[in-house]
Amino acid sequence: MRIRIKKLTDTARMPGRGSAAAAGYDLYADIMEPKELGPHETMMVTTGLSMEIPEGFFGAVFARSGLAAKEGLRPANCVGVVDADYRGPITVALHNDGEVTRLIEPGERIAQIVIMPFLTVEYEEAEELTETERGSAGFGSTGKH
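A brief structural summary. These numbers were taken from a predicted model, which means no experiment stands behind them.

**Focus on the side chain of Arg-102**
So, point 1. Within the secondary structure, Arg-102 sits in strand β10 (residues 102–104).
So, point 2. In terms of polar contacts, Arg-102 uses its side chain to reach the side chain of Glu-71, at 3.1 Å.
So, point 3. Within the structure, the side chain of Arg-102 is placed 2.9 Å from the side chain of Glu-108, a separation counted as a polar contact.
So, point 4. Those residues in contact with Arg-102 that lie beyond four places of it in its chain are Lys-35, Glu-36, Leu-37, Leu-67, Glu-71, Leu-73, Asn-96 and Glu-108.

Have a look at this one:
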């Protein structure tokens, strides 16, 4: 699959993979100078890229596991969604879950994007739903007793 990408600045970096089998492609901060991100704060960090994702797919923006586990940084919305018809800049709402201020460096890997297919559905209102063994039992109902 080919994804057309437009660099919006001279300093923007194309997404990169850590290994040949990696599902996610790293997204990089396209900022001119380091920026401080305080504890429990969120900052919009641009990648300097826009993408042409094919119809029937979307870009899922996930945390980088090492950055989240070691530095406490993750996308504020946990998983961002880049729709196929969006042509604006890819921006990550980066959140600091930690207790110390973090410095976001120019060119730093800030998230990863995975291109995924999705199903288009039609929702149909119903008076009743089919019964199942679980029924309406909710949070924690299938876990420990």
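**A short note on the sheet that holds strand β6 (residues 57–62)**
So, point 1. Read across the open sheet, the 4 strands follow the order β2-β11-β6-β8; overall the sheet is antiparallel. This sheet does not close on itself; its edge strands, each paired only once, are β2 (25–28) and β8 (80–82). Each strand of the sheet is rotated relative to its neighbour by a mean of 35°, with strand direction disregarded.

**Things to note about the nonpolar core**
So, point 1. Among the nonpolar cores identified, the biggest contains 20 residues, and Leu-27, Val-45, Val-61, Val-92, Leu-94, Ile-104 and Ile-110 are the most heavily contacted of them.
So, point 2. Leaving out residues up to four positions away in the same chain, Leu-94 has contacts with Leu-37, Glu-41, Thr-42, Met-43, Val-45, Leu-73, Arg-74, Pro-75, Ile-104 and Ile-110.

**Some thoughts on the packing of aromatic side chains**
So, point 1. Across all of its chains, the model carries 1 aromatic pair by this definition.
So, point 2. In this structure, Arg-13 packs its charged tip against the face of Tyr-28, placed 3.9 Å from the ring centre.

**Looking at the environment of Pro-34**
So, point 1. Note that Pro-34 resides in the loop between β2 and β3 (35–37).
So, point 2. For Pro-34, a relative accessible area of 41% gives the class partly exposed.
So, point 3. The sequence separation of Pro-34 and Ile-104 amounts to 70 residues, and the corresponding C-alpha distance is 5.4 Å.

**Section: the environment of Pro-54**
So, point 1. Looking at the element boundaries, Pro-54 is found in the loop between β5 (49–52) and β6.
So, point 2. Classification of Pro-54 by relative accessible area gives partly exposed; the value is 25%.
So, point 3. Sequence separation between Pro-54 and Ala-12 is 42 residues, and the spatial gap between their C-alpha atoms is 22 Å.
So, point 4. Leave out the neighbours within four places in its chain, and Pro-54 touches Met-1, Arg-2, Ile-3 and Ala-84.

Conventions adopted
Residues numbered from 1 in each chain as written. Predicted model: local features only at pLDDT ≥ 70, side-chain atom pairs only at ≥ 80, totals over all residues. Heavy atoms only, no water. Helix = DSSP H or I, 4+ residues; strand = E, 2+ residues; numbered from the N terminus. Polar contact = N/O pair within 3.5 Å; in protein donor to acceptor, adjacent residues only side chain to side chain. Contact = heavy atoms within 4.5 Å. Pairing = 2+ DSSP bridges. Axes fitted to C-alpha atoms, helices over the stretch in contact; angles between N-to-C directions. Core = buried A, V, L, I, M, F, W, Y, C linked by side-chain atoms within 4.5 Å. Buried < 20%, exposed > 50% of the residue type's maximum accessible area, 1.4 Å probe, protein only. Phe/Tyr/Trp six-rings, centres within 6.5 Å; stacked < 30°, edge-to-face > 60°. Lys NZ or Arg CZ within 6 Å of the ring centre and 35° of its normal.

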